[in-house]
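Read off the chains here:
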Amino acid sequence: MDFYDKDLVSIRDLTKDQIEYILDLSKKMVPYARGEKVKRALDGKILGNLFFEPSTRTKLSFESAAYRLGCDVIDVSEMSMTSIAKGETLADTIRMVDAYCDVIVLRHPFEGAARLAADVSENPVINAGDGAGSHPTQMLLDLFTMKEAKGSLEGLNVTMVGDLKYGRTVHTLAQALANFGVKLTLVAPESLQMPHDIVDRLKRNGCVPKKTSVLEDVIGDADVLYVTRIQKERFPDPAEYQKVAGTYRIDNAMLRNAKDDMMVMHPLPRVNEIATEVDSTPHAKYFQQAFNGVPVRMAILCAILGGDI
Amino acid sequence: MKDIADIKIPPIRNGTVIDHIENGQALNVLKILGVNENNIDSSISIGMHVPTNKDGKKWKDIVKLEDMELDETTVSKIALIAPEATISIIRDYYIAEKFAVKLGEKVVGLVRCSNPNCITNKGEPVLPQFFVENRNPPRLRCVYCDRTLLNISDNLI
């Protein structure tokens with residue numbers, strides 16, 4: 001599978017076969033991600049980790065993935081610390097960083113930033129989230145988490161709940177799941193439902209999602225419940241945020257009608273969408289999901305930089 | 001037999017006829033041409049809501065431009081809002097050349113992204129680019145932010 005020197009910007013850069021290749025490689029990475037085995041497959045390489053928007057898991061798991069493979073990391077975490085604060089364009093910043101490293105990981109508040117970076121960079125660019133746009137590495141680790149828990153993605157009933165309008169994670173994940181013949185259920189207030197253009201794309205790929213605003217009506221059918229935070233920072237109008245904040249809360253009472261092996265996922269951070277009492281139930285898979293960021297990102301870095309495991 | 005539009009709208013000696021414009025889009029075609037009362041010395045005739053029977057349609061718009069010929073960029077822009085339009089170059093009252101507008105695989109630098117948070121709207125040195133997902137009706141998807149473009153005519157550059 002030829003990933004060497006390729007950009008990973010959007011779900012559109014990946015075929016179903018490529019997704020499956022990364023998921024298989026991720027599985028091989030698990031003992032290395034846990035530190036049970038050691039191989040410096042990317043010794044001598046440098047990762048430029050550019051985070052122009054807050055992140056904990058994505059940034060740290062890319063760093064961890066790089067270090068586990070012997071790859072060095074240079075990073076920027078705040079726009080105010082860069083020449084962008086002096087008026088430098090992102091394109092110029094990327095050209096400069098490109099000269100200092102072998103691969104660029106970019107998180108940016110504007111949609112399309114990673115594609116622009118890929119256009120101007122000689123080295124490959126990995127999108128670590130661009131505004132409300134794509135987050136392909138999160139999508140891959142979400143698929144990996146589902147596949148590891150369920151054995152296969154084919155035919156799963158995946159229910160997404162929360163902010164489906166602004167949440168980049170669910171936009172990317174829904175499109176990826178459409179490749180695997182899943183039954184998709186979208187639970188959100190009308191004002192936060194999945195954008196029409198994404199739903200249209202799902203339909204063109206043969207996935208007709210079921211939409212509802214009442215989680216209780218559909219939770220019993222779900223194999224996977226994918227919960228997202230209603231993100232205050234994505235709302236142009238604070239009054240609109242207040243109207244929908246706290247609409248859905250997953251607690252043990254809500255899970256009473258769920259299948260025994262139904263898994264609850266969340267890209268984290270959670271605020272109060274999932275009660276802490278759920279953490280100790282077999283349903284909770286969100287911390288496993290967060291760990292999976294490391295082996296999946298190791299697989300992506302290895303595939304793109306040509307590391308051998 | 002003469003098209004009824006040709007009878008109602010006077011023929012031109014030299015220039016361009018843009019025919020089979022989507023009903024209601026003639027004024028947007030003029031916007032693309034960038035013509036106004038101060039920057040043109042020849043006549044423009046506009047027919048709006050003109051009867052037609054092409055491809056099962058009932059109505060069309062038509063624009064005739066005296067002593068003007070269109071460049072490639074302008075024709076591409078017209079294809080964005082009037083994908084079935086035909087362009088006839090008229091010389092001495094005869095049609096010297098006639099062709100249909102056609103969108104290519106990509107649209108570059110003709111229209112801006114309708115997503116205000118798209119990187120192409122943020123002062124970066126980049127031309128807006130779109131994949132043509134459908135030609136008629138035109139459906140464009142931003143190469144950068146991946147969104148489907150809303151209101152093409154409102155976002156023409």
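Preceding block: the structure.
Residues numbered from 1 in each chain as written. Chains lettered and ligands numbered in written order. Predicted model: local features only at pLDDT ≥ 70, side-chain atom pairs only at ≥ 80, totals over all residues. Heavy atoms only, no water.

**Topic: the overall build of chain B**
Item 1. The number of helices and strands found in chain B is three helices and eight strands.
Item 2. When its helices and strands are written in sequence order, chain B yields α-β-α-β-β-α-β-β-β-β-β.
Item 3. For a compact globule of 157 residues, the expected C-alpha radius of gyration is about 15 Å, and chain B comes in at 17 Å, within 12% of that figure.
Item 4. Expressed along its principal axes, the backbone C-alpha trace of chain B runs to roughly 50 × 35 × 25 Å.
Item 5. Within chain B, contacts between residues separated by at least 24 positions form 63% of all contacts whose residues are at least 6 apart in sequence.
Item 6. Carbon together with sulfur atoms contributes 49% to the accessible area of chain B, which is approximately 8400 Å² in total.
Item 7. Each charge class in chain B was averaged separately, 20 positive and 21 negative side chains, and the resulting centres sit 5 Å apart. (Helix = DSSP H or I, 4+ residues; strand = E, 2+ residues; numbered from the N terminus. Rg over C-alpha atoms; globule rule 2.2 N^0.38 Å. Contact = heavy atoms within 4.5 Å. Areas by Shrake-Rupley, 256 points an atom, 1.4 Å probe, with all protein chains shown as cover. Lys, Arg positive; Asp, Glu negative; His and termini not counted. Charge placed at Lys NZ, Arg CZ, Asp CG, Glu CD.)

**Side note on the nonpolar core**
Item 1. Leu 143, Met 146, Met 160 and Leu 301 of chain A are the most contacted members of the largest nonpolar core, which totals 73 residues.
Item 2. If near-sequence neighbours (up to four positions away) are discounted, Met 160 of chain A is found in contact with Val 170, Leu 173, Ala 174, Leu 177, Leu 184, Thr 185, Leu 186, Val 187, Met 194 and Tyr 226 of chain A.
Item 3. In this structure, Val 97 of chain A together with Ala 85, Val 101 and Leu 156 of chain B belong to the second largest nonpolar core, which totals 56 residues. (Core = buried A, V, L, I, M, F, W, Y, C linked by side-chain atoms within 4.5 Å. Buried < 20%, exposed > 50% of the residue type's maximum accessible area, 1.4 Å probe, protein only.)

**Quick look at the pairing of strand S3 (residues 103-108) of chain A**
Residue and element names in this part refer to chain A.
Item 1. Among the six residues that make up S3, six are buried, leaving the element largely enclosed by the rest of the structure.
Item 2. The two faces of S3 match: Val 103, Val 105 and Arg 107 on one face and Ile 104, Leu 106 and His 108 on the other face are all buried.
Item 3. Inspection of the sheet shows strand S1 (residues 46-51) paired to S3 by five bridges, in the parallel sense. Bridge assignment links Phe 51 to a residue of S3, and that residue is Arg 107.
Item 4. Bridge analysis of S3 against strand S4 (residues 125-130) gives four bridges, and the strand direction is parallel. If you follow Ile 104 over to S4, its bridge partner there is Val 125.
Item 5. Handedness of the crossover is the feature at issue here: the chain leaves S3, passes through helix H4 (residues 113-120), returns alongside S4, and the resulting connection is right-handed. (Pairing = 2+ DSSP bridges. Right-handed = clockwise from strand over helix to strand, strands pointing away.)

**Re the interface of chain A and chain B**
Item 1. Across the contact, 18 residues belong to chain A and 18 residues belong to chain B.
Item 2. Taking both sides of the interface into account, the surface hidden between chain A and chain B amounts to around 1500 Å²; carbon and sulfur atoms contribute 47%.
Item 3. Of all residues in chain A, Phe 110, Glu 111 and Leu 116 of chain A give up the largest surface area on contact with chain B, accounting jointly for 35% of the area buried on that side.
Item 4. Our count for the contact surface shared by chain A and chain B stands at four salt bridges.
Item 5. With its nearest N and O atoms 3.5 Å apart, the salt bridge here joins Arg 201 of chain A to Asp 146 of chain B.
Item 6. Applying the counting criterion to the chain A and chain B interface returns 11 residue pairs in polar contact (both at pLDDT 80 or more). (Buried area = accessible area lost by both parts, 1.4 Å probe. Salt bridge = Lys/Arg side-chain N within 4 Å of Asp/Glu carboxyl O. Polar contact = N/O pair within 3.5 Å; in protein donor to acceptor, adjacent residues only side chain to side chain.)

**Quick word on the sheet that holds strand S5 (residues 94-100) of chain B**
All names here are of chain B.
Item 1. Read across the open sheet, the five strands follow the order S2-S3-S1-S4-S5; overall the sheet is antiparallel. Whereas interior strands pair on both sides, the edge strands pair on one side only; in this sheet they are strand S2 (44-51) and S5. Pairwise comparison of adjacent strand axes, ignoring direction, gives a mean angle of 15° for this sheet.
Item 2. As defined by bridge partners, S2 adjoins strand S3 (residues 59-66) across six bridges and the pair is classed as antiparallel. Across the sheet, the residue bridging to Ile 44 is Leu 65, located in S3. (Axes fitted to C-alpha atoms, helices over the stretch in contact; angles between N-to-C directions.)

**Notes on the pairing of strand S6 (residues 183-187) of chain A**
All names here are of chain A.
Item 1. For S6, a buried count of four out of five residues is recorded, marking the element as mostly surrounded by other parts of the structure.
Item 2. Looking at chain direction, strand S5 (residues 157-161) and S6 are connected through five bridges and run parallel. By the bridge assignment, Val 161 is partnered in S6 with Val 187.
Item 3. Taking the sense of rotation as the criterion, the β-α-β connection linking S5, helix H6 (residues 168-177) and S6 turns out right-handed.
Item 4. With respect to chirality, the unit in which S6 leads through helix H7 (residues 196-204) into the neighbouring parallel strand S7 (residues 210-212) is right-handed.

**Quick notes on the pattern of salt bridges**
Item 1. Taken as a whole and judged by the stated rule, the model has 27 salt bridges over all chains.
Item 2. Of the charged contacts in the structure, one is a salt bridge between Asp 13 of chain A and Arg 115 of chain A, with a shortest N-O distance of 3.4 Å. One end of the pair, Asp 13 of chain A, is in the segment before helix H1 (16-33); the other, Arg 115 of chain A, is in helix H4, and 102 residues separate them in sequence.
Item 3. Across the pair Asp 261 of chain A and Lys 150 of chain A runs a salt bridge whose closest N-O atoms are separated by 3.8 Å. With Asp 261 of chain A in the loop between helix H8 (238-244) and strand S9 (263-265) and Lys 150 of chain A in helix H5 (residues 136-150), this pair connects stretches of sequence that are 111 residues apart.
Item 4. What emerges from the salt-bridge pattern is a single network uniting Arg 12, Asp 197, Arg 201 and Arg 204 of chain A together with Glu 133, Arg 139, Arg 141 and Asp 146 of chain B.

**So, the state of the cysteines**
Item 1. Here the structure, examined in full by the defined rule, presents zero disulfides over all chains.
Item 2. In this model Cys 302 of chain A remains outside any disulfide bridge; the closest cysteine sulfur is found in Cys 71 of chain A, 9.5 Å from its own.
Item 3. Under the relative-accessibility criterion, Cys 302 of chain A is labelled buried at 2%.
Item 4. Lacking any disulfide linkage, Cys 113 of chain B is separated from the closest cysteine sulfur, that of Cys 145 of chain B, by 3.6 Å. (Disulfide = S-S within 2.5 Å.)

**Re the sheet that holds S3 of chain A**
Residue and element names in this part refer to chain A.
Item 1. The strand order across the open sheet built from four strands is S2-S1-S3-S4, with neighbouring strands paired in parallel fashion. If you trace the sheet from one side to the other, it starts and ends with strand S2 (72-76) and S4, each paired once. In this sheet, adjacent strand axes meet at a mean angle of 15° when their direction is disregarded.
Item 2. Pairing analysis gives five bridges linking S1 to S2, with the strands arranged parallel. Paired with Asn 49 across the strands is Asp 75, a residue of S2.
Item 3. On the sheet, helix H9 (residues 286-305) packs against S1, S3 and S4 and is oriented at approximately 145° with respect to S4.

**Here's the deal with the side chain of Thr 212 of chain A**
Residue and element names in this part refer to chain A.
Item 1. Position of Thr 212 relative to the elements: it lies in strand S7.
Item 2. Exposure remark for Thr 212: the relative accessible area of 17% places this residue in the buried category.
Item 3. Within polar-contact distance, the side chain of Thr 212 engages the backbone nitrogen of Val 214 at 3.0 Å.
Item 4. If we skip the residues at most four places from it in the chain, Thr 212 touches Thr 185, Leu 186, Val 187, Ala 188, Gln 193 and Val 218.

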